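Tertiary structure, described
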Amino acid sequence: MNKTAARTAIVTGASTGIGSVYASKLARRGYDLIMVARNAERLEANALRIRQETGQNAEVIVADLAKSFEVSKLADRIADDASIAFLVNNAGISLQGGMLQNSLPDAETLIAVNITAPTLLSIAAARAFAKRGGGGIVNISSVTAFAPEMFDGAYSGSKNYLINLTISLAGKTRDAGIRVQAALPGPTDTEMWARGQVPESVIPRSMIMNPEDLVTAALVGFDRGEILTLPTVADESVWAAFEAARQGMRTSLAAGRPAPRYLQPDEAASAS
Ligand SMILES: NC(=O)c1ccc[n+]([C@@H]2O[C@H](COP(=O)([O-])OP(=O)(O)OC[C@H]3O[C@@H](n4cnc5c(N)ncnc54)[C@H](OP(=O)(O)O)[C@@H]3O)[C@@H](O)[C@H]2O)c1
């Protein structure tokens, strides 16, 4: 991240939690800000603090990213405002109680906020930044993407979606000078975590990261050019082995015929 070239960063979900910390840290890196969320009062308070602490501009956009027309307006802003060079798709929600306990509209809202909005904003940003000669896009995923057995599949699945989106977009935009990163927080001490009311017996307090530490680590990962950043994973070889196994499967994914174990016994006999 080049401080002298830094211009405007959009951070969604900047009214509290991880997004609010991203906004502060990006301002300290020299970015002006566009801070997006629904709660105008909290956004204004954060923006005022950031202006006072850093001297950077901080604009507030009150928008509900579950509403497609509000996402479209934000995408248009990214396309039209030549100063925008960085996007953090941070806004996200989880469903309290899991997908079988919640209403279908609740699941639809989760998909809108966690999948549709970051997809459309990432695409808008990638196109715009390519024309502007570069930029950065950060998608806030989650370690739950790798633990669907432990967490609600709609939430964890939405976070896995962001990994796929990020890896694909990073490959397609590298030559245009765009860096795309997915950051995968583990349990982080925000209101989202508090709302989940996960008992100490399930996740001890010592496993919950401070959001300041999380965002600092995620930005270091961005500076290192990482496409996926796992701030909680100390042993990089674990991740390298996972990636190697995934890549190793690629040659088997398109075989043109079923694997022998999926043949009916008579077909297997005639095939052999
Ligand atoms: N905390 C964790 O343990 C953890 C772990 C892994 C990943 N994450 C991910 O990190 C991101 C931030 O989470 P957090 O822990 O900071 O959560 P948080 O404290 O609940 O903050 C969520 C932010 O998203 C905004 N938001 C929610 N719904 C929105 C909507 N419909 N339109 C616009 N903005 C909306 C909220 O603002 P308003 O309410 O003002 O709209 C708020 O600013 C999420 O994507 C989450 O999935 C969190």
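Below is a summary of the structure that appears in this document. (Residues numbered from 1 in each chain as written. Predicted model: local features only at pLDDT ≥ 70, side-chain atom pairs only at ≥ 80, totals over all residues. Heavy atoms only, no water.)

1. Observations concerning the packing of helix α1 (residues 17-28) against helix α7 (residues 211-223)
One way to put it is that α1 packs onto α7 with a least axis distance of 9 Å and a crossing angle of 55 degrees. When the axis of α1 is compared with that of α7, the two are oblique. Note that α1 runs across α7; the crossing there is right-handed. Contact with α1, carried on its side by Ile 18, Val 21, Tyr 22, Lys 25 and Leu 26, involves Pro 211, Glu 212, Leu 214, Val 215, Thr 216, Ala 218 and Leu 219 of α7 and no other residues of that element. Of the residues contributing to the contact of α1 with α7, the split by class is 9 nonpolar, 1 polar and 2 charged. (Axes fitted to C-alpha atoms, helices over the stretch in contact; angles between N-to-C directions. Helix = DSSP H or I, 4+ residues; strand = E, 2+ residues; numbered from the N terminus. Parallel < 35°, antiparallel > 145°, perpendicular 65-115°, else oblique. Left-handed = near helix turned anticlockwise from the far one by under 90°. Contact = heavy atoms within 4.5 Å. Nonpolar A, V, L, I, M, F, W, Y, C, P; charged D, E, K, R; others polar.)

2. What about the sheet that holds strand β1 (residues 8-12)?
Strand order in the open sheet made by the 7 strands is β3-β2-β1-β4-β5-β6-β7, with parallel pairing throughout. For this open sheet the edge positions go to β3 (58-62) and β7 (228-229), each flanked by a neighbour on one side alone. Taken together, the 4 bridges between strand β4 (residues 84-89) and strand β5 (residues 135-140) define a ladder with parallel strand orientation. Paired with Asn 89 across the two strands is Asn 139, which belongs to β5. Strand contacts of α1: β1, β2 (32-37), β4, β5 and β6 (178-183), with the helix running at about 170 degrees to β1, the strand carrying the most contacts. α7 contacts β4, β5, β6 and β7 of the sheet and is inclined by roughly 145 degrees relative to β6. (Pairing = 2+ DSSP bridges.)

3. So, the packing of aromatic side chains
On inspection of all chains with the given rule, the structure shows 5 aromatic pairs. On the numbers, 5.4 Å between centres and 55 degrees between planes, the contact of Tyr 31 with Phe 86 is tilted. Note that Tyr 31 is positioned in the loop between α1 and β2 and Phe 86 in strand β4, a separation of 55 residues in sequence. No difference in accessibility class separates Tyr 31 from Phe 86, as the two residues are buried. Taken together, the ring pairs connect Tyr 31, Phe 86 and Phe 222 into an aromatic cluster. (Phe/Tyr/Trp six-rings, centres within 6.5 Å; stacked < 30°, edge-to-face > 60°. Buried < 20%, exposed > 50% of the residue type's maximum accessible area, 1.4 Å probe, protein only.)

4. Examining the pairing of β6
Across the 6 residues of β6, 5 count as buried, placing the element largely inside the fold. Bridge analysis of β5 against β6 gives 6 bridges, and the strand direction is parallel. Residue pairing for β6: Gly 136 is matched across the bridge by Arg 179. Read from β5 through helix α5 (residues 153-173) to β6, the crossover connection turns out right-handed. (Right-handed = clockwise from strand over helix to strand, strands pointing away.)

5. Some thoughts on α1
With 12 residues, α1 should reach 16 Å at 1.5 Å per residue; the first-to-last C-alpha distance of 17 Å fits that figure. Burial analysis of α1 places 11 of its 12 residues in the buried class, the great majority of the element. Among the residues trailing α1, Gly 30 stands out with phi positive, at a value near 100 degrees. (Expected span 1.5 Å × (residues − 1).)

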